[in-house]
Each structure stands twice: as structure tokens, then as C-alpha cells.
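Residue strings, one per chain:
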Amino acid sequence: MEHGKLLAPGHRACPGCGVAVAVRQILSATGPNVIVVSPTGCLETFTSPYGHSAWEVPWIHPLFENAAAVASGIEAALKYRGLKDTPVVVMGGDGGTFDIGFGGLSGMFERGHNITYICYDNEAYMNTGIQRSSATPLGAATTTSPAGKLSLGKMERKKDMPAIAMAHGLDYVATAAICYPKDLMQKVKKAVSFTGPKYIQVHTPCCVGWGFEPALTVEMARLAVQTGLMPIFEAANGEISAVRKIGRVRPVKEYIEKQARFKHLFNSGPEGLAVLERIQELANKNIAVWGLASRET
Amino acid sequence: MKLTVGAVVLPGTSKKTKTGLWRATRPVVNTKTCNGCGICVLFCPDSSISIADKTCQIDYEYCKGCGICAHECSQKAITMQEEGK
Amino acid sequence: MRKTSVLEGSVGVAEAVKACRPKVISAYPISPQTHVVETLAKMVAEGEIDADYVRVESEFSAASVVYGASAAGVRAYTASSSQGLLLMTEVIYNMAGTRLPVVVTGINRTVSSPITIQPDHQDTMAFRDAGIIQLYVESNQEAYATHIQAFKIAEDHEVLLPVMVCMDGWILTHCYEPLELLAPKEVDGFLPPYRPLYPLDPQNPVTYGSFADEEVMEFRYMVHAAMEKARAKIVEVAEEYRQQFGYYFGGLIEEYYSQDAEIILVAMGSVVATLKDAVDSLHNEGISIGLLKVRAYRPFPAAEVRKALAKAKVVAVLDKSLSCGHAGPLALDVKAAMYNAETHPIILSLIAGLGGREVDLQTVREIVNRCRAAARATDCDFFQLRSELV
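The structure presented is a predicted model; accordingly, all values stated were derived computationally and were not measured.

Novice: Hey, could you run me through the overall build of chain A in this one?
Specialist: Regarding its fold elements, chain A presents 11 helices and 10 strands. Here chain A has a C-alpha radius of gyration of 19 Å; the compact-globule value for 297 residues is 19 Å, and the two agree. Considered along the principal axes of its C-alpha atoms, chain A spans approximately 65 × 45 × 35 Å. Across the 297 residues of chain A, 61% fall into the buried class. Restricting the contact set of chain A to residue pairs at least 6 apart, pairs at least 24 apart contribute 69%.

Novice: What am I meant to see in the pairing of strand β7 (residues 163–168) of chain C here?
Specialist: Residue and element names in this part refer to chain C. Counting buried positions over the 6 residues of β7 gives 6, a clear majority of the element. Side-chain alternation along β7 places Val-163, Val-165 and Met-167 on one buried face and Met-164, Cys-166 and Asp-168 on a second face that is also buried. With 6 bridges joining them, strand β5 (residues 103–108) and β7 adopt parallel strand pairing. Note that in β7 the partner of Thr-105 across the bridge is Val-165. Judged from the 4 bridges that link them, strand β6 (residues 133–136) and β7 form a sheet pairing that is parallel. Bridging across to β7, Leu-135 finds its partner in Val-165. The handedness of the β6 to β7 crossover, carried by helix α7 (residues 140–155), is right-handed.

Novice: Looking at this structure, how should I read the packing of helix α11 (residues 302–309) of chain C against helix α12 (residues 329–339) of chain C?
Specialist: When two helices pack together, their arrangement is given by the angle between their axes and by how far apart the axes lie. Residues and elements named next belong to chain C. Where α11 contacts α12, the two axes come as close as 9 Å, and the packing angle between them is 75°. In terms of orientation, α11 lies roughly perpendicular with respect to α12. Along its contact with α11, which presents Ala-302, Val-305, Arg-306 and Leu-309, the element α12 presents Val-334, Ala-337 and Met-338.

Novice: Which parts of the structure should I look at to understand the interface of chain A and chain C?
Specialist: Where interface size is given, it is often the accessible area lost as the parts come together that is meant. Listed per partner, the contact involves 38 residues of chain A and 37 residues of chain C. At 9 residues, helix α3 (residues 67–78) of chain A tops the list of elements feeding residues into the side of chain A that touches chain C. Residue composition of the side of chain A that touches chain C, grouped by class: 21 nonpolar, 13 polar and 4 charged. As judged from the 2 bridges shared by strand β2 (residues 59–60) of chain A and strand β9 (residues 207–208) of chain C, these two strands associate in the parallel manner.

Novice: Explain the pairing of strand β11 (residues 263–267) of chain C to me, please; I cannot follow it from the model alone.
Specialist: Both faces of the sheet carry side chains from a regular strand, because those side chains alternate between them. Residue and element names in this part refer to chain C. Taking burial as the measure, the 5 residues of β11 include 5 buried ones, the bulk of the element. Side chains of β11 alternate between two faces, with Ile-263, Leu-265 and Ala-267 and Ile-264 and Val-266 buried alike. The sheet contact formed by β11 and strand β12 (residues 289–294) spans 5 bridges and is parallel. Note that in β12 the partner of Ala-267 across the bridge is Lys-293. The β-α-β motif built from β11, the intervening helix α10 (residues 271–284) and the parallel element β12 has right-handed crossover chirality. In the sheet, β11 pairs with strand β14 (residues 314–319) via 4 bridges, with the strands oriented parallel. Looking at β14, one finds that Ile-264 is bridged to Val-315.

Novice: How should the sheet that holds β2(A) be read in this particular structure?
Specialist: For sheets, the rule is that strands pair by backbone hydrogen bonds, running either parallel or antiparallel. Read from one edge to the other, the open sheet built from 9 strands follows the order β10(A)-β9(A)-β7(A)-β8(A)-β4(A)-β3(A)-β1(A)-β2(A)-β9(C), with strand pairing classed as mixed. Because the sheet does not close on itself, it has two edges, and the strands there are β10 (239–243) of chain A together with β9 of chain C.

Novice: Even after reading the chapter, I still don't get unusual backbone geometry, so can you show me in this structure?
Specialist: Only a minority of non-glycine residues have a phi that is not negative, and only a minority of peptide bonds are not trans. Note the cis peptide between C:Ser112 and C:Ser113, where omega equals -5°. The residue C:Ser113 is located in the loop between β5 and α6 (122–125) in this model. For the bond from C:Ser113 to C:Pro114, the omega torsion is -10°, close enough to zero to count as cis. Relative to the helices and strands, C:Pro114 resides in the loop between β5 and α6. One non-glycine residue, A:Asn237, lies in the positive phi region at around 50°. With respect to the helices and strands, the residue A:Asn237 is situated in the loop between β9 (233–236) and β10.

Novice: Can you walk me through the interface of chain B and chain A in this structure?
Specialist: Chain B puts 30 residues into the contact, and the matching count from chain A is 31 residues. With 4 residues, helix α2 (residues 68–72) of chain B is the largest single contributor of residues to the side of chain B that touches chain A. The residue inventory of the side of chain B that touches chain A, partitioned by class, reads 13 nonpolar, 10 polar and 7 charged.

Novice: What am I meant to see in helix α5 (residues 89–98) of chain C here?
Specialist: Helical geometry: 3.6 residues make up each α-helical turn, so side chains three or four residues apart lie on a common side. Residues and elements named next belong to chain C. When you tally the buried positions in α5, you get 7 out of 10 residues, the bulk of the element. All of the buried residues along α5 are Val-91, Ile-92, Asn-94, Met-95, Ala-96, Gly-97 and Thr-98. Looking at the buried side of α5, the elements it contacts are α3 (59–71), β9 and α9 (216–245). Residue Arg-99 follows α5 closely and has a positive phi angle near 60°.

Novice: Mind showing me how you'd approach the packing of α3(A) against α3(C) here?
Specialist: Across the interface, α3(A) lies against α3(C) with an axial gap of 6 Å and an inter-helix angle of 45°. By the angle between their axes, α3(A) is oblique relative to α3(C). Handedness of the crossing formed by α3(A) with α3(C): right-handed. For the pair α3(A) and α3(C), the contacting residues are A:Ala69, A:Val70, A:Ala71, A:Ser72, A:Gly73, A:Ile74, A:Ala76 and A:Ala77 in the first and C:Ser61, C:Ser64, C:Val65, C:Val66, C:Tyr67, C:Gly68, C:Ala69 and C:Ala71 in the second. Partitioned by chemical class, the residues of the contact of α3(A) with α3(C) number 11 nonpolar, 5 polar and no charged.

Novice: Explain the sheet that holds β6(C) to me, please; I cannot follow it from the model alone.
Specialist: Residue and element names in this part refer to chain C. An order of β3-β2-β4-β5-β7-β6-β13 is seen for the 7 strands of this open sheet, with the pairing classed as mixed. Each having just a single partner strand, β3 (52–55) and β13 (296–298) make up the two edges of the open sheet. With strand direction ignored, the average angle separating the axes of adjacent strands in the sheet is 20°.

Calculation criteria
- Residues numbered from 1 in each chain as written.
- Chains lettered and ligands numbered in written order.
- Predicted model: local features only at pLDDT ≥ 70, side-chain atom pairs only at ≥ 80, totals over all residues.
- Helix = DSSP H or I, 4+ residues; strand = E, 2+ residues; numbered from the N terminus.
- Rg over C-alpha atoms; globule rule 2.2 N^0.38 Å.
- Buried ≥ 20, exposed ≤ 12 C-beta atoms within 10 Å, placed from the backbone.
- Contact = placed C-beta atoms within 7 Å.
- Pairing = 2+ DSSP bridges.
- Right-handed = clockwise from strand over helix to strand, strands pointing away.
- Axes fitted to C-alpha atoms, helices over the stretch in contact; angles between N-to-C directions.
- Parallel < 35°, antiparallel > 145°, perpendicular 65-115°, else oblique.
- Nonpolar A, V, L, I, M, F, W, Y, C, P; charged D, E, K, R; others polar.
- Left-handed = near helix turned anticlockwise from the far one by under 90°.

Now the structure itself:
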């Protein structure tokens, strides 16, 4: 079977779903010799109604908070089934990774299981209706952090999960985005070739949750990278080993203004603009700290 | 059909659902402009594009008409047209 | 060769688990479960068990690890108590619905608040709706036997449900007594290798954990139907164990001099041993009393209970747990079973032994008095009647 079809068509993702794009790219890289674990979330819901599975590879959805722990159990068992060369890959959303699954993930990292944990980051609990997660970026409105008279959306910064993964001393941590499929696929191939716990975070824009036309999903991922808000890098043993430079750095406004989840920042007077400023500062800091610019500006 | 023990499901059974019925717009490929680069295949969320004879072919049974392929095509070979016209 | 030694109950459990050859063991420590999982860790470290021992960071993960291992097609085991057991709740419901035959030891300890490590059944009672088979053991020799039987019951293709072996913390686990351990060959002959139905395998991909809006009734019914099949299986496996090894602790129930008794005590767990002694003592005083041990709490042996209590005048159900705001869960289940019986003895719901409070012969005497008073009650009782005048 074509690796590009290991996620079968007929699944129920929204048209233009960034997660579906990511998963197809990831499975193209792993091929059929893989066991996938997903926590509750968009991916699980749109691929597994009873009798209608989009998975052509073995796949298990346990609960919301325990994909990493369940993957640990599978990984431990495989050698007794003659399958020790079958990679175990988790594909979980930011909800099940950054928040409710955080403890179990840390445990899996710490125990050193041979598992590739891939987080598809659409920056909110999208499956249940666009509620705020710790991955929701500064200033974004969600249904549980809405803009209003007393609120400008989420006022906390995005939790830095890649840094947390790095702090566990993993041999491989990487970020990726669906707009650079060859990069993502290469990173997945590389990760599964290592033994030990690996973490890859893939930025997967959500047209419904962020508020933009479905056709722009890939472009939105590209803009996020080009503003510096989404650094693309690889790390090993707590140190950055490779960084993808941005060709032409774009101001964050070019990204933010295209999404309905930020529109309140443009009509809330000086306070809204101050948040926009803070977002630009975050991008500037990323560019400086990670060395994202191609040349001196 | 009887239910499975533990609600397990056989692989690829999502193909029973013809998501092509969801479309409001459909991608139309200009086969002369298309150079078979395959980037659309990597960006399609629905496994509904393949390259055959160096040309992009859309699987209209499943294509949801999201428009990513048209937007990302390196040759601007795909245009979105209203479904049913 | 069989071996008899004076062993701590916890060690007996570890020996039983070792004999069953699990491939993945995972646990998070909590008193009074700790000695079981420490002994297993030592056994793995010494190469006595060929398994992966996954040292997780919470009980939620412990249960999840064995869930995953079972889905991948290997025999898996975990144990916990009290707070830790409750933390596994979501996963245990998941195991039952996904039909994974994991064995979990529920080492009984009560539940916070207040925090206390004392034993009672409040923890394992939290699982009575989940679809996990629950067997309560009376002694450490029974604990050893029941763990071996548990894997066999769980893995039977007509059952395929997780099994919880419930044993009183401290009272059993930390008590030293002579235990006879079977020879490894004997257990191998009794318990065949696990044959998973749908192991995760790229050669035969399946999807686990689908969402089923339309078929909930039917899937829940299937778990219930498996529980029904488990009734006969529990009895059959206990019989087989008796035939092969000479040990028997009851099937779904055990009747102890209850056939013609006027007063019948009903109980589960280690208190049964105390009650058997009390029954013996009270027989010497000519009191008509017997005991019904409930061994399988889920599936609940309603038919067997009805038959055992048919001729009693008063039934005293001792619960070591409480459904707060109502009554003892075992008593409630017994009463419900007896509603459809042909006879209707008086049934008392007695809460005794919460937080490890002692139940002894004196307690049983008081229970007997309570039962007799209840038996004397008529449809119309006069108070302060001056009987000398009539």
C-alpha cells in the first residue's frame, strides 16, 4: 500500500485539517511497520468511529491522559511478541500532551522507553469545541478564554514543551511544521531510527479553531515559522543541534491579522495593541535566542 | 453484523464514507500546466490526490474540496470551481 | 517440587504472580501493597521472572502500562490499594470495555478522607459497576490460589475481562503463615500461555478504542454477558484447582454450616476466617448459626445466595464498606437478590470493621443478640405491657 494512503480517505476531519496533513506525512515516513497510540482528541475522533477506521496500521486509543503510559506498556511487551523492531509512535494533540497527559509523558521520558512521541499542536482543545490549552498562544481567544470587556483572550504564554522535553535529556527533540513536509518526514525517519524516547512537536494550524479559510492551512503554518513565532529546530541531550533559518522574516501582524482568534486585538484600543506588541517581542526573542535570521538585519 | 469483542475495528474501513459528498467546491487540474511535482499529494488531508503519468489526479469520491492543493500548487495548475457546475 | 515455608502474605502473592509468568508488570507503591511489588521487583532483578518491570510515576500510568501490554498481546499484572486503586478507575473501566484480561490485586485499604492506611473494602467497592470480575479472599493460601485462577478465568475467550483479586491489607498481606507453593510445572499445566484475540501487530492491523455512539447498549451488554459466562468459569476453575492441587476455597460462594442455621452471617474477605471460628464457638453453646462466604462479588452470585439463605430466619450481612447515604453494598446486593426469593428472612445491614476496627467473637455475640431481637419482632409489639394483669 502507498505510504501516503496509510491514513485512509473517508475520515471525518474538517476539510483542510492540518492534523490530517501531518499524520499523512508522518505515516509516509514510518511506513506500515509501526504501532500508533493516540490519546482522545481530534485525530482519534475523526479516524475511529466504530466500523469506520481510517488507520491502515495498528492503532490504539486508550484514554485522554495516558497515551505515553500505554505506549510504554506496548513497547515493553513487543520484545516478547517478536516485534522489537516495530517502532511505537504516539500521535497526540496538545491537550493530551501539554496538559492532561503531561505527567505520564514525563514518566515515559524519564524511564527511557523506545517511543517516538509526536505532538500535533493545533493550540487548543479543538475536538471539544476550541477550548484553551496551555499551548494556546498569547492573545488568542478560545471558547474558555474569550475576549470580552474584561478579557483580551489568553494572557499566559504558550508552554514551552520542546524545552521541557529537552530538559529530560532526550537524545532527540525536534519541532516541525506541515508546510515543510520533507523536513518533517526526515525528522520522523531520523527519530524512529534512534533508540530511546524522542519528542517531535508539529505545528498543525486549525482553520475552524483559529478562524481562516481551509485552503490557507499550509500557508498559515508557513507564516508562523516566518514570523519567528514557531522556531523549527532539532536538539539532542539538552542542546540545540540544528535550526531552520527564516529567509525573509515577517512581522507577526501578517500572521495574526489573518486569524479570527486574534481579531479582538485590533479593536480593543491600546490594550489590544499592547498585546500585539508583546507577541512581536516573543517572536523577536525567538529569532535572537535561536539564531533564526539568515543574515544580519 | 455482530459487534466485535472490545469494539475493535478493521483497518481502512473509513473508505465506506464517501466524503466527496461534503464538497461545495472541487479542484480542477490543468494537466498541461501540472508538472507532477507531487507537493499536492503531501498537503492533501484526505489521501485524495495521487500522481499518475506525471500528472496529479484527484479522487473525487473522497476529496472534500478544502482548496489546499489549489493554494499550494507550485505551478498554479489547480483551480477551485463550484461543485455541481 | 512443592515448597512450604512461613511467608508473608505479600510474598505469597508475588510467588503466585511469578508462577503465572507475566511479561509486563507495572506498579506504583502504596501501603499496604508495597511488599508485593517490591518482592516482584526483586524477582525480576534476580532473573526469576522473565518480564519487564515498568516503574511508573503514578497508578494511573501503572494501570495504563498493563493495559497497553495486554493490548499488545502479553500477560500483564499490577496491584494497588486505596487512593492508588481509585486513581486507576478510568483505566479499569477501559480494560473491561476493551476486554483486556489483566489481573489486578486490590489490596484493601480504606479511602481518604481522613487519610489512614487501615484496611476495609471501601476502595474495591468503587469498582463494582466497572465490569471487572472481583474475587475476595479469606486467607493467604487462598490469595495464592486465586491469583493463579484469576489469570485462567480472565483469559478464557468466553470471558476476556480483567480480574481484581481483593485481599485485606495488613491483615493478610503482612501476616506470616505457612504457605504451600505449587511446583512451577504444576502451574504451567494448569495455566496455558495467553492467546490474545487481537494483539497489536503490523501484520494484522486493528483499531482499538473506537467511538460508538449508536451501540453503547450492546457493547455494555457484551461485558455483562461475559460476566455471566464468568460465573460458570469461576466455579469450573476452582473445581479444576481442587482436582489438580487439592486446595479449595469455594467457587462463587462457600457455605459454612449454613444449611439449617437460623441465623446466617454473610461476609467477604479475611473477616470470614474470624467468623468461621466464631461460628464454631457459638455452636458449642448450642446457637443455630452459620456463615455464607461470598467469594465472587462480581459477578454477584444472586442465585447461589438465594439458595443458601432460603431457610434462614435472620441474615446478618457484614459490610466492611459503606455506600454513604444508603447502606452496606454487600447487604444491598443480598437484599436485592432475596427480593425475588421464595422466602424472605429478615436481613440486617451491619457495618463492621471499617478502618480495620476489630471484629472478634464478642462482636459476633452482639450480632447474634441483634439478630435474635430482630427475630422476636412480630407484626405488632406491645411496650410496657403489665403482663401480670393479663
